[in-house]
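Observations on chain architecture
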Amino acid sequence: MGGKTKEQLLEELSEVQKMLEERTETQGQMIKRFQTLIENEGLFSQIIDFLPYPLAIFTPQYTLAMTNKAFTAETKTRVMYPEKGAARILQHKINDMRLAAAITGVFAGDTFFLEDLKNPFSMFSEITQQSAAEPGRFSRAVIFPVTADDAKITHGVIVFMP
């Protein structure tokens, strides 16, 4: 057993479980807040724009539907008119398999909290690696689905965090 007692192992397992429960609660709160914003459409785009973290909303075709000011500031790229040559998430540019799985898994209704991401902004078609100010600055992300009234998932959201 490598010198650890059953009690020590159970204590470590309990600590890991507590950490996972806290992360799940944080994700749930973030999703609830976002859904509340969507319900109040008049404020939706204004509030999203003032979030302090880069945010990208994308379609099932991996086309960016909207980004906020923090995303623009970080990447020097703004998605204002998605219908005119939209920026896209390019699967082949994602080096982290967890991130690639999250981008596709979000449309199955799953929510993901990822840490230790390396240069996650490079997955966007309009962004070169030099565009992001500090490549390691945003190393965490929450990726979650947004549903319509009929419970169909219409968009995925990525919130990048330091």
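Refer to the preceding data block for the structure.
All of these numbers come straight from a predicted model, not from anything done at the bench.

1. With respect to the overall build of the protein
Tallying secondary structure elements over the protein gives four helices and five strands in all. Its helices and strands in sequence order give the protein the pattern α-α-β-β-α-α-β-β-β, from N to C terminus. Evaluated residue by residue, the protein yields a buried proportion of 36% over its 162 residues. Within the protein, counting contacts between residues at least 6 apart in sequence, those at least 24 apart form 54% of the total. For the protein, the exposed surface amounts to about 9,800 Å²; the carbon and sulfur share of it is 55%.

2. Describing the environment of Arg23
Locating Arg23 in the fold gives a position in helix H1 (residues 6–39). With relative accessibility at 27%, the residue Arg23 sits in the partly exposed group. Excluding residues within four positions of it along the chain, Arg23 makes contact with Phe113 and Glu115.

3. Details of the nonpolar core
With 24 residues, the main nonpolar core has Ile89, Ile103, Met123, Phe124, Ile158 and Phe160 as its most contacted residues. Looking at this core, the elements with two or more residues in it are strand E1 (55–58), helix H4 (97–105), strand E4 (140–147) and strand E5 (153–161). Counting residues per element, this core draws most heavily on H4, which supplies four residues. Among residues more than four places away in sequence, those in contact with Ile103 are Phe58, Tyr62, Ile89, Gln91, Ile94, Met123, Ile143 and Ile158. By size, the runner-up hydrophobic cluster in this structure holds 11 residues, among which are Ile31, Ile48, Phe144 and Met161.

4. Quick word on the sheet that holds E1
Overall, antiparallel pairing links the five strands, which are arranged E2-E1-E5-E4-E3 in an open sheet. The open sheet is flanked by strand E2 (64–67) and strand E3 (112–114), the only strands paired with a single partner. Taking the axes of each pair of neighbouring strands and ignoring which way they run, one obtains an average angle of 20° across the sheet. The sheet contact formed by E1 and E5 spans four bridges and is antiparallel. Within E5, the position partnered with Phe58 by the bridge is Gly156. Across the sheet, H4 is in contact with E1, E3, E4 and E5; its angle to E3 comes to roughly 160°.

5. With respect to the pairing of E2
One ladder, built from three bridges, connects E1 with E2; its direction is antiparallel. Each bridged residue has a counterpart across the sheet, and for Phe58 the counterpart in E2 is Leu64. Hairpin connection between E1 and E2: a loop of five residues separates the two successive antiparallel strands, and Tyr62 in this loop has a positive phi of roughly 65°.

Conventions used here
Residues numbered from 1 in each chain as written. Predicted model: local features only at pLDDT ≥ 70, side-chain atom pairs only at ≥ 80, totals over all residues. Heavy atoms only, no water. Helix = DSSP H or I, 4+ residues; strand = E, 2+ residues; numbered from the N terminus. Buried < 20%, exposed > 50% of the residue type's maximum accessible area, 1.4 Å probe, protein only. Contact = heavy atoms within 4.5 Å. Areas by Shrake-Rupley, 256 points an atom, 1.4 Å probe, with all protein chains shown as cover. Core = buried A, V, L, I, M, F, W, Y, C linked by side-chain atoms within 4.5 Å. Pairing = 2+ DSSP bridges. Axes fitted to C-alpha atoms, helices over the stretch in contact; angles between N-to-C directions.

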